[in-house]
Amino acid sequence: MSMHGPIATHRSATGVPTGRLAVWWLMASEIFIFGGLIACFVLFKLNGTPGFEDASLTSLTAGAVNTFVLLTSSLTVVLAHAAIEKGDREKSFLYIWYTIGGGFVFLGVKAYEYTGKIINGHIITENLFWSFYYTMTGLHALHVIGGMVIMALISFDIRKGHNYQRVELIGIYWHFVDLIWIFLFPLLYIANF
Amino acid sequence: MSQAATAVQTDTNAEHHEELSFLYKYILPTDHKIIAMQYIFTGMIMAVIGGYFAYAFRMQLAFPGELVPLYGLVGPGEYNMLVTNHGTIMIFWVAMPVLIAGFGNYIIPLMIGCDDMVFPRLNRLSYQIFLASTLVLILSFFVKGGGFGGAWTAYPPLSSVAEYSLTDWGASLWVLAVALEFVSFLLGGINFVTTTMNARAPGMKMMDIPIAVWFIVLAVILFMASVGPLIAGAVMLFMDQRIGTSFFLPSGGGDPLLWQHLFWFFGHPEVYVVLLPTLGIVADIITVFSRKKLFGYKTVLYTAFATGGLSFVVWAHHQFIAGIDPRMANVFVVTTVLISIPLAEMMFSYIATLYGGSIELKTPMLWALSFIAAFLIGGVTGIYLGASALDVYFHDSYFVLAHFHYTFFPITIIGMFAAITFWFPKMFGRMMNDTLGKIHFWGTFIPFNCIFLPLFFLGLAGQHRRIYNYNHFPDLATQELQNIRIFATVSLIVMLCFQLVFIYNFFVSMFKGKKAPDNPWNANTLEWSTPSPPPHGNFKTLPTVYRGAYEYSVPGREMDYWPQNEPPEES
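Residues numbered from 1 in each chain as written. Chains lettered and ligands numbered in written order. Predicted model: local features only at pLDDT ≥ 70, side-chain atom pairs only at ≥ 80, totals over all residues.

Q: In this structure, what is going on with the overall build of chain B? I would like to understand it.
A: When its secondary structure is counted, chain B shows 17 helices and 0 strands. For a compact globule of 571 residues, the expected C-alpha radius of gyration is about 25 Å, and chain B comes in at 24 Å, within 12% of that figure. Dimensions of chain B, computed from C-alpha atoms along their principal axes, come out at roughly 80 × 50 × 50 Å. Burial analysis of chain B (571 residues in total) assigns 55% to the buried set. Counted over contacts in chain B with a minimum sequence separation of 6, partners at least 24 positions apart contribute 82%. (Helix = DSSP H or I, 4+ residues; strand = E, 2+ residues; numbered from the N terminus. Rg over C-alpha atoms; globule rule 2.2 N^0.38 Å. Buried ≥ 20, exposed ≤ 12 C-beta atoms within 10 Å, placed from the backbone. Contact = placed C-beta atoms within 7 Å.)

Q: What exactly am I supposed to notice about the overall build of chain A here?
A: A count of helical and extended segments in chain A gives 5 helices and 0 strands. Written out in order from the N terminus, the α and β elements of chain A read α-α-α-α-α. Taking all 193 residues of chain A together, the buried fraction comes to 38%.

Q: Just checking my understanding: could you explain helix 2 (residues 60-85) of chain A for this structure?
A: Residue pairs spaced three or four apart in an α-helix point in one direction, given the helix's 3.6 residues per turn. All names here are of chain A. For helix 2, with 26 residues, the first-to-last C-alpha span of 38 Å sits near the 38 Å given by 1.5 Å per residue. Summarising the contacts, the buried residues of helix 2 are in contact with helix 3 (89-119), helix 4 (128-159) and helix 5 (165-190). G87 sits one or two residues past helix 2 and shows a positive phi near 85 degrees. (Expected span 1.5 Å × (residues − 1).)

Q: Help me understand the packing of helix 8 (residues 211-242) of chain B against helix 9 (residues 256-290) of chain B, please; the structure alone is not making it clear to me.
A: The relative placement of two packed helices comes down to the angle between their axes together with the axis-to-axis distance. Residue and element names in this part refer to chain B. Here helix 8 crosses helix 9 at 165 degrees, and the two axes come no closer than 8 Å. Accordingly, the angle class assigned to the pair helix 8 and helix 9 is roughly antiparallel. Once helix 8 is placed against helix 9, the crossing between them reads as left-handed. A class-by-class count of the residues in the contact of helix 8 with helix 9 yields 26 nonpolar, 3 polar and 2 charged. (Axes fitted to C-alpha atoms, helices over the stretch in contact; angles between N-to-C directions. Parallel < 35°, antiparallel > 145°, perpendicular 65-115°, else oblique. Left-handed = near helix turned anticlockwise from the far one by under 90°. Nonpolar A, V, L, I, M, F, W, Y, C, P; charged D, E, K, R; others polar.)

Q: Can you walk me through the environment of V333(B) in this structure?
A: Residue and element names in this part refer to chain B. Take V333: it is sitting in helix 11 (residues 326-338). Given 20 C-beta atoms within 10 Å, V333 falls into the buried group. Setting aside residues no more than four positions away along its own chain, V333 makes contact with G386, A387 and S388.

Q: Help me out: how do you make sense of the environment of G102(B) in this one?
A: Residues and elements named next belong to chain B. Along the chain, G102 falls in helix 4 (residues 76-112). With 27 C-beta atoms counted inside 10 Å, the residue G102 sits in the buried group. Spatially, the C-alpha atom of G102 lies 9.2 Å from that of H32, the residues being 70 residues apart in sequence. Beyond its immediate sequence surroundings of up to four residues, G102 is in contact with A36, Y39, I40, G43 and P97.

Q: Would you explain the environment of L131(B) in this entry?
A: Residue and element names in this part refer to chain B. Within the secondary structure layout, L131 lies in helix 5 (residues 120-140). L131 sits in the partly exposed class, given 16 other C-beta atoms within 10 Å. For the pair L131 and R58, spaced 73 residues apart in sequence, the C-alpha to C-alpha distance is 28 Å.

Q: Help me understand the packing of helix 4 of chain B against helix 9 of chain B, please; the structure alone is not making it clear to me.
A: Residues and elements named next belong to chain B. Two elements in contact, helix 4 and helix 9, have axes whose closest approach is 9 Å; the angle formed by their N-to-C orientations is 50 degrees. By the angle between their axes, helix 4 is oblique relative to helix 9. Crossing of helix 4 over helix 9 shows left-handed handedness. Residues A95, M96, L99, I100, F103 and G104 of helix 4 pack against V274, P277, T278 and I281 of helix 9. A breakdown of the residues in the contact of helix 4 with helix 9 according to their chemical character gives 8 nonpolar, 2 polar and no charged.

Q: Please clarify how unusual backbone geometry should be interpreted in this entry.
A: Backbone geometry follows two general trends: most residues other than glycine have a negative phi, and most peptide bonds adopt the trans configuration. Residues and elements named next belong to chain B. In the segment running from P156 into P157, the intervening peptide bond is cis, with an omega of 5 degrees. Locating P157 in the fold gives a position in the loop between helix 5 and helix 6 (162-165). Between S532 and P533 the backbone carries a cis peptide bond, its omega angle lying at -10 degrees. Within the fold, P533 resides in the segment after helix 17 (479-512).

Q: Before we go on, may I ask you to explain the nonpolar core in this structure?
A: In a soluble, globular protein the nonpolar side chains are often hidden away together inside. Residues and elements named next belong to chain B. Counting 228 residues, the largest nonpolar core has V213, F215, I216, A219, V282, I285 and A418 as the members making the most contacts within it. Among the elements that take part in this core, helix 4 stands out by supplying 23 residues, more than any other. Those residues within four positions of V213 in sequence are excluded, and the remaining contacts are I107, I108, M111, I112 and T196. (Core = buried A, V, L, I, M, F, W, Y, C linked by C-beta atoms within 7 Å.)

Q: Which parts of the structure should I look at to understand the interface of chain B and chain A?
A: Interfaces are frequently sized by the accessible area removed from exposure as the parts join. Taken together, the 41 residues of chain B in the interface contact 31 residues of chain A. Elements that contribute at least two residues to the side of chain B that touches chain A include exactly helix 1 (2-15), helix 7 (168-198), helix 8 and helix 9 of chain B. With 10 residues, helix 8 of chain B is the largest single contributor of residues to the side of chain B that touches chain A.

Q: I would appreciate a short explanation of the confidence of the model for chain A in the present structure.
A: Reading fine detail from the predicted coordinates is not recommended where pLDDT is low. For chain A, mean pLDDT is 93; residues scoring 70 or higher make up 97% of the total. Mean pLDDT across the elements of chain A ranges from a minimum in helix 1 (residues 18-46) of chain A, with 95, to a maximum in helix 3 of chain A, with 97. (pLDDT = per-residue confidence, 0-100.)

Q: Hey, could you run me through the confidence of the model for chain B in this one?
A: Averaged over chain B, the pLDDT score is 93; the fraction of residues at 70 or greater is 96%. Reported confidences for the modelled complex are a pTM of 0.94 and an ipTM of 0.94.

This is how it looks when you write it as structure tokens:
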């Protein structure tokens, strides 16, 4: 039953596995979505739109902690991939769950930040900066949550011995989510021009 | 050896021919051919709705204030809703699903010689999301306030503030429907690109891929690269509407022009997204029916690359009078006029293909030739509009409207009929009636010109696009202009009546037509080597490819065609 499903799903005319190819194309289209948002943000900022000085109110510490957490979780997903390459399902399972744990810590810090901001009256409609802040970090957080759910599904799958290649695919995705944050962090937390 | 690999694949291909239950065969299919039919039929139903809307508002323009038979009274708000949703439906719910998702699904696996898409279940999911988006759009016509009426371009602040548009929920459901549809086509698009990259038959090199497949894949890549910013924009617009942010509202520091940039950064490549599949289909049809090799396969391909690349740097020609910097307008004039060069080159390649061929004027060929003729007028008038000096006068007039209908009608309607009449024997295993097909062709093509040619003159006479009753404007309410409006409307009704011929021909041929042979047109591409209609799994033996798709009338061969999968003779 190794050749289950249509032949099309097993072909590889380019030599790159189909799953990896598809994830790269998905990333490409995601880049344009986030790219559009980031471009709008930067243009407003360069135009000196009032309210963008509120960037100084975001917590650099919280942002830095989250950057550290997310980068570390990218390391653990790489280790999960390395483990499954060697066929070590249990180790890979464990590393995937470290990554998911990193996601939880990230979301926890995010929730803490959101709460603090909202209590202080910085809600999404206050001005354009906060609209962008919540939209961009919110869309990013949705990607984090989506990644965590898929990762959990994959972790149980590989423990049963199926679809090892998916660890690599979710790894690519997770690095992408990480990369988006690398752009958001300086824009929303550090830059104050 | 690739031969050995094919043999192994053939063996395994035989085993998944088990009969599927009705539910899994037709309602929840993973077979690309059934999914293609779902897209095509959904698109055709939406085309009927879009055509009905066009009928209703054209009647209002010809006979203002009178009851429209089969519709009722068209008030100003109603009129806006009709034109907005006519545009939205025809672009997003007819052109995209039929030409890209529908025919893309049908022909890509067949033409590249494999049994399905590389992600069959993702394919099913993308149709289901598309169906959901269709239902959301239809729902938006029935909510309080009625359907959205802010034009298919949805410029804020009209689209983002309920007090302005008077369609509080209609506007939000419209944004939601469009966004869902984008998600559906992104998923479908990833599937198309990876399938073409990875699932090609052994021996099929990049330059052996038929132009129709190439162009659908290019269209999908253009779509993926242009729609992202608009998805972000749609999220922002939705939040402006429902949460009260002001991304596009000057009162809160936002900028309405930003939406125009986001929209047209997508909107202009989108023209080429729907154009390319039709150009590909036309290229395949004219080679088959002129029995000649496509003139300059690689040139045609490279001109498409050039068009695709340039299509990303022309968007601001939609905004010449929107308040952008005139110096920036100059740049966009140059790029806009530039983009006509590769397209003209492609058209000349097609005409050169016809030159000296033994042309058979079957129905699909008539559609293909009429596409070239009609699109020419659309293209040439586009150059007028691309020049910012002229555009200042033409902007938002019927000249613009006639121009883009001379591009979109050939692309969507003529392209769709060309594809349907060409692949009908393969899809349903029966031939369409050629005489009825020709009656339908002339009954569509002549009235089409009678509708839109006069509108150029109305535009030159200064008729603005977005007016529902010209009697309120003395300069435009003259009897001469009104006669032209009535002529266009009557032509539309004639054209709509002739569609009944098509519907009759389509359904009667589907069940009672002459049985189609496997290769009724003597074409080279792989889909014609399958039985008509192809069974689940497509090919009896998965093919190996030995040559390009356009080897017609090769000297020294007895037959004037040379199927891609026919092994070369041993010498």
